Amino acid sequence: DIKLVIHALIKRGALVSSNRLRSYLSAAFTYGIEFDNNPVSLESIVSFQLMNNPVRDVPKALKYERPLDRELSHIEIYKLWNTFQEGVHFSLIDHILKLVLATGGQRITEVSQAKWSEFDLERGLWEIPSNRTKNGKAHLIPLNNLAVILLENIQKHTDHTSFLFPHRLDHSKPITLASISKATNRFCKATGFQQFTPRDLRRTCKTKMGELGLSKEIRDRINNHALNDVSSKHYDRYDYLSEKLEALDRWGSCLRQITQDGATSNVIPLLAFSRAQ
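Cut-off values and rules
Residues numbered from 1 in each chain as written. Predicted model: local features only at pLDDT ≥ 70, side-chain atom pairs only at ≥ 80, totals over all residues. Heavy atoms only, no water. Helix = DSSP H or I, 4+ residues; strand = E, 2+ residues; numbered from the N terminus. Expected span 1.5 Å × (residues − 1). Contact = heavy atoms within 4.5 Å. Pairing = 2+ DSSP bridges. Axes fitted to C-alpha atoms, helices over the stretch in contact; angles between N-to-C directions. Buried < 20%, exposed > 50% of the residue type's maximum accessible area, 1.4 Å probe, protein only. Arc of directions from axis to C-beta. Left-handed = near helix turned anticlockwise from the far one by under 90°. Nonpolar A, V, L, I, M, F, W, Y, C, P; charged D, E, K, R; others polar. Parallel < 35°, antiparallel > 145°, perpendicular 65-115°, else oblique.

Draft legend 1. View of helix α7 (residues 177-191). Compared with the 21 Å implied by 1.5 Å per residue over 15 residues, the 21 Å span of α7 between its first and last C-alpha is a close match. Check the buried side of α7 and you find it contacts α3 (74-83), α4 (92-102) and α5 (108-112). Gly-192 sits one or two residues past α7 and shows a positive phi near 75°.

Draft legend 2. Focus on the sheet that holds strand β1 (residues 119-120). One open sheet holds the three strands; their spatial order is β1-β2-β3, and the pairing between them is antiparallel. Of all the strands in the sheet, just β1 and β3 (139-142) have a single pairing partner and so form its edges. Relative to strand β2 (residues 125-128), β1 is paired through two bridges, and the arrangement is antiparallel. By the bridge assignment for β2, Asp-120 is matched with Leu-125. Along the sheet, helix α11 (residues 241-261) makes contact with β2 and β3, crossing β3 at roughly 45°.

Draft legend 3. Representation of helix α1 (residues 2-11) in the model. Burial in α1 covers these residues: Ile-2, Ile-6 and Leu-9. Each buried residue of α1 lies within a common arc of 50° when the element is viewed along its axis, so the set occupies one face. Seen from the buried face of α1, the exposed residues on the opposite side, beyond 90 degrees, are Lys-3, Leu-4 and Lys-11. Here the buried face of α1 lies against α2 (15-37). Backbone geometry just after α1 places Gly-13 at a positive phi near 85°.

Draft legend 4. Here's a closer look at the packing of α3 against α4. Two elements in contact, α3 and α4, have axes whose closest approach is 9 Å; the angle formed by their N-to-C orientations is 140°. For the pair α3 and α4, the sense of crossing is left-handed. Between α3 and α4, the residues in contact are Ile-77, Leu-80 and Trp-81 and Asp-94, Leu-97, Lys-98 and Leu-101, respectively. When grouped by side-chain class, the residues that make up the contact of α3 with α4 number five nonpolar, no polar and two charged.

Draft legend 5. Fine view of the packing of α4 against α7. At a minimum axis separation of 10 Å, α4 and α7 run at an interaxial angle of 95°. Relative to α7, the element α4 lies roughly perpendicular. The residues of α7 that touch α4, namely those facing Ile-93, Ile-96 and Leu-97, are Ser-179, Ile-180, Ala-183 and Thr-184. For the contact of α4 with α7, the residue count by class is five nonpolar, two polar and no charged.

Draft legend 6. Just the environment of Leu-143, in detail. Its location among the elements puts Leu-143 in the loop between β3 and α6 (145-158). As for Leu-143 and Trp-126, which are separated by 17 residues in sequence, their C-alpha atoms are 6.9 Å apart.

Quick look at the structure:
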């Protein structure tokens, strides 16, 4: 059964996805085995009755996976920002990609599945609830002026829905990740743009903000990475809001210059971008 399920992905050439599916299935079996053998759950009415993990005997389709290392250059950011949207029509996916960039590289799922209830545009804040973050902790993001402008434009088109980016056929659901990936692939093929995935925008922001002189610690906090040092895990309850605000304002200024000037300027602005502009 395991081989048949994984083979279906391999047959269509999705080798990396087959590795991911194998990993998820293996984790599920491991959970069941550990649950049954855990003394804490000895009196539980639930029992998986698993003796072994059959996935472990099924080898990976790709023994070695190429590490993800794609980041967009300044010129590529300029082209993506100014040419992804075709014609004059409003594009949800165009605004998803721009909002990922403007907010300093928030995860594509956290942006595309965002709800209006998470935003306070008057105060310039976005709080992603804990049930939507990877590390299970609520994440507070100050919004620079560029992000606010994007959100106000999105609001004109989707204010009647709970989601910023609703599903085309069912507004009670968010847009699917598959739709975003397919649109990105179409854009690359149609324009000759070097292939990239929406996830690469997060890496691009992290790298470009580093080039701007922002510390790794503040970049990690902007991206809501899990900080595993003892102080961060157990004692530090400070929200670093002012530091994130200053950093994202500087990044917003840099991004605005990149998207307006493209390759015509090598200057990286070091002064904070005025939120009143």
